[in-house]
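Take a look at the letters that make up each chain.
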Amino acid sequence: MSASNASELYDRIRSDHELTQDLFRQALQDPSGALGRIVDIGAAAGLTVTTEEVRAHLASLDDGATKQWVLKARGGL
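None of the values given here were measured: they were computed from a predicted structure.

**Let's talk about the nonpolar core**
Where a protein is soluble and globular, its nonpolar side chains tend to be buried together.
And step 1. By size, the foremost hydrophobic cluster in this structure holds 14 residues, and its most contacted members are Leu9, Ile13, Leu23, Ile38, Val49, Val54 and Leu58.
And step 2. Those elements that place two or more of their residues in this core are helix H1 (3–14), helix H2 (17–29), helix H3 (31–44) and helix H4 (51–60).
And step 3. If sequence neighbours within four positions are ignored, Leu9 has contacts with Ile38, Ile41, Gly42, Leu47 and Val49.

**Re the confidence of the model for the protein**
And step 1. Per-residue confidence for the protein gives a mean pLDDT of 85, with 84% of residues at or over 70.
And step 2. Within the protein, helix H5 (residues 64–72) has the poorest average pLDDT of any element, 70, and H3 the best, 92.

**Overview of the side chain of His57**
And step 1. Along the chain, the position of His57 falls in helix H4.
And step 2. Apart from the residues within four sequence positions on either side, His57 is in contact with Ala6, Ser7 and Tyr10.

**Some details on the pattern of salt bridges**
And step 1. The full count for this structure, using the stated rule, is four salt bridges.
And step 2. Across the pair Asp22 and Arg25 runs a salt bridge, and its minimum N-O distance is 4.0 Å. Pair noted here: Asp22 and Arg25 are both in helix H2, with a separation of three residues, about one helical turn.
And step 3. What makes Asp22 partly exposed here is its relative accessible area of 29%.
And step 4. A cluster of three or more residues bridged by salt bridges with shared partners is formed by Asp22, Arg25 and Arg37.

**A few points about H3**
And step 1. Helix length check: H3 (14 residues) gives 20 Å between terminal C-alpha atoms against 20 Å at 1.5 Å per residue, within 8%.
And step 2. All of the buried residues along H3 are Pro31, Ala34, Leu35, Ile38, Val39 and Gly42. Around the axis of H3, the buried residues are gathered within 140° of arc, so they sit on the same side. Summarising the geometry of H3, the exposed residues directed more than 90 degrees from the buried face are Ser32, Asp40, Ala43 and Ala44.
And step 3. A positive phi of about 80° marks Gly46, the residue just after H3.

Rules behind the numbers
Residues numbered from 1 in each chain as written. Predicted model: local features only at pLDDT ≥ 70, side-chain atom pairs only at ≥ 80, totals over all residues. Heavy atoms only, no water. Core = buried A, V, L, I, M, F, W, Y, C linked by side-chain atoms within 4.5 Å. Buried < 20%, exposed > 50% of the residue type's maximum accessible area, 1.4 Å probe, protein only. Helix = DSSP H or I, 4+ residues; strand = E, 2+ residues; numbered from the N terminus. Contact = heavy atoms within 4.5 Å. pLDDT = per-residue confidence, 0-100. Salt bridge = Lys/Arg side-chain N within 4 Å of Asp/Glu carboxyl O. Expected span 1.5 Å × (residues − 1). Arc of directions from axis to C-beta.

This is how it looks when you write it as structure tokens:
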């Protein structure tokens, strides 16, 4: 839908430490499932995003912690 939705969704998820950690653990075991869950979280929050938009947004970030997260979960992201 839009890059701004992906950005806002990322900010919301990042501000919830427990959710961030839960998604990280899920991504280590089931990267595609974690990505689908992020899309679902966005839909529930009224921030429609696609998996491609989430991937593109994560790839565009210049944030060491996020890049490490993506590298560890690379299989599905």
